[in-house]
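Below are the chains, spelled out letter by letter.
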Amino acid sequence: MPPEFPDFRLGSVLATSFTGTLSERHGDAVERIPTPHRLVDWLAVSGLAVDSCTTAQLDLARELRESIHAAATAAAIQDALPASAVHVINERSAQGRAAAILTPEGKRQWRLGSASCVEDALSVIAADAVSIIAGERDGKLALCASPTCRAAFFDTSQSRTRKWCDMNTCGNRQKKARFHANRRRNPVSTE
């Protein structure tokens, strides 16, 4: 039986993984958080578990997602950040109650307010976006080379020359397309 919703595309950077909840933006768009419950699922998988989500909170999340995407895209191409996107990111960052805590393994983890709500989780995502867009983390923002995707991603590879938001999807799709195009141009002789 096929899954009810498309799988999440999770990465190591919270903010850009969140923008990946809408993929193939320049093709047949795939919405990975179509319902409030699906946002709850994504937040839980991302270490930001909340009890529930309303339709209004889902709208806030999507507004933040699109604002992060717009600002990260502008930063990746070294363009001016859209004022409206900056405003939304800043508002979401300031409105939540979350604290960074240190795990016994020496890792940072987020602790949401005692009555955790979507706004608290969104504040963590917005704060993560601020840190990558402001250039505070080791890496660089880039855009996926897939013409149907063009997702913003945070490249932490040693050379900072990564081309794809996800090698297992966009990169693999492009490599297959190139392989089949080469095969059509140069058919293998069976004689």
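Because the structure is a prediction, the values reported are computed rather than measured.

Before going further, it helps to spend a moment on the layout of surface pockets. Empty space within the largest pocket amounts to approximately 370 Å³. Where the lining of the largest pocket is concerned, the elements lending two or more residues are α1 (14-19), β1 (22-23) and β6 (152-155). Here the lining of the largest pocket takes three residues from β6, the largest share from any one element. Class assignment of the residues belonging to the lining of the largest pocket gives a composition of 11 nonpolar, seven polar and four charged. Lining the second largest pocket are 14 residues, with Gly11, Ser12, Val13, Leu14 and Ser46 sitting closest to its centre. Elements with a minimum of two residues in the lining of the second largest pocket: α1, α2 (36-45) and β4 (108-112).

Let us look at the packing of helix α3 (residues 55-76) against helix α4 (residues 83-95). One way to put it is that α3 packs onto α4 with a least axis distance of 8 Å and a crossing angle of 130 degrees. It follows from the interaxial angle that α3 and α4 lie oblique. Helix-helix and strand crossings are classified by hand; for α3 and α4 the assignment is left-handed. Contacts from Leu60, Glu63, Leu64, Ser67, Ile68, Ala70 and Ala71 in α3 reach Ala85, Val88, Ile89 and Arg92 in α4. Among the residues making up the contact of α3 with α4, the classes are represented as eight nonpolar, one polar and two charged.

Okay, helix α5 (residues 118-133) next. If you check α5, its first and last C-alpha atoms are 22 Å apart, about what 16 residues at 1.5 Å a residue would give, namely 22 Å. Burial analysis of α5 places 13 of its 16 residues in the buried class, which makes it a mostly covered element. Positive phi appears at Gly135, one or two residues downstream of α5, with a value of about 80 degrees.

Per-residue confidence for the chain gives a mean pLDDT of 86, with 88% of residues at or over 70. When mean pLDDT is taken per element in the chain, α3 scores highest with 97 and helix α6 (residues 167-185) scores lowest with 68.

The next thing to look at is the nonpolar core. Among the nonpolar cores identified, the biggest contains 36 residues, and Phe18, Leu39, Leu64 and Ile125 are the most heavily contacted of them. Looking at this core, the elements that each hand over two or more residues are α1, α2, α3, α4, α5, β5 (140-143) and β6. No other element matches the nine residues that α5 contributes to this core. Discounting residues that sit within four places of it in the chain, Ile125 has contacts with Leu14, Ala15, Phe18, Trp42, Leu43, Leu48, Leu64 and Ile68. Ala142, Cys144, Cys149 and Phe153 belong to the second-largest nonpolar core, a separate cluster that totals eight residues.

Moving on to the pattern of salt bridges. A full pass over the atoms with the stated rule returns nine salt bridges. Among the ionic pairs, Arg38 bridges to Asp41, the shortest N-O distance being 3.6 Å. Taken as a pair, Arg38 and Asp41 lie in helix α2 at a separation of three residues, close to a single helical turn. Note on Asp41: relative accessible area 24%, which makes it partly exposed. Across the pair Arg137 and Asp128 runs a salt bridge, and its minimum N-O distance is 2.5 Å.

Our focus in this paragraph is α4. For α4, built from 13 residues, the straight-helix expectation of 18 Å at 1.5 Å per residue is met to within 8% by its first-to-last C-alpha distance of 18 Å. Taken as a whole, α4 has its buried residues at Ala85, Val88, Ile89 and Arg92. The buried residues of α4 occupy one face: seen down the axis, they fall within an arc of 95 degrees. With respect to the buried face of α4, the exposed residues turned more than 90 degrees away are Ala83 and Ala94. For α4, the secondary structure elements touched by its buried residues are α3 and α5.

The rules behind these values
Residues numbered from 1 in each chain as written. Predicted model: local features only at pLDDT ≥ 70, side-chain atom pairs only at ≥ 80, totals over all residues. Heavy atoms only, no water. 1 Å grid on protein atoms, 1.4 Å probe; cavity = no way out; pocket = protein on both sides within 12 Å on 5 of 7 lines; lining within 4 Å. Points joined across faces, edges and corners; volume = space filled by probe spheres on them. Helix = DSSP H or I, 4+ residues; strand = E, 2+ residues; numbered from the N terminus. Nonpolar A, V, L, I, M, F, W, Y, C, P; charged D, E, K, R; others polar. Axes fitted to C-alpha atoms, helices over the stretch in contact; angles between N-to-C directions. Parallel < 35°, antiparallel > 145°, perpendicular 65-115°, else oblique. Left-handed = near helix turned anticlockwise from the far one by under 90°. Contact = heavy atoms within 4.5 Å. Expected span 1.5 Å × (residues − 1). Buried < 20%, exposed > 50% of the residue type's maximum accessible area, 1.4 Å probe, protein only. pLDDT = per-residue confidence, 0-100. Core = buried A, V, L, I, M, F, W, Y, C linked by side-chain atoms within 4.5 Å. Salt bridge = Lys/Arg side-chain N within 4 Å of Asp/Glu carboxyl O. Arc of directions from axis to C-beta.

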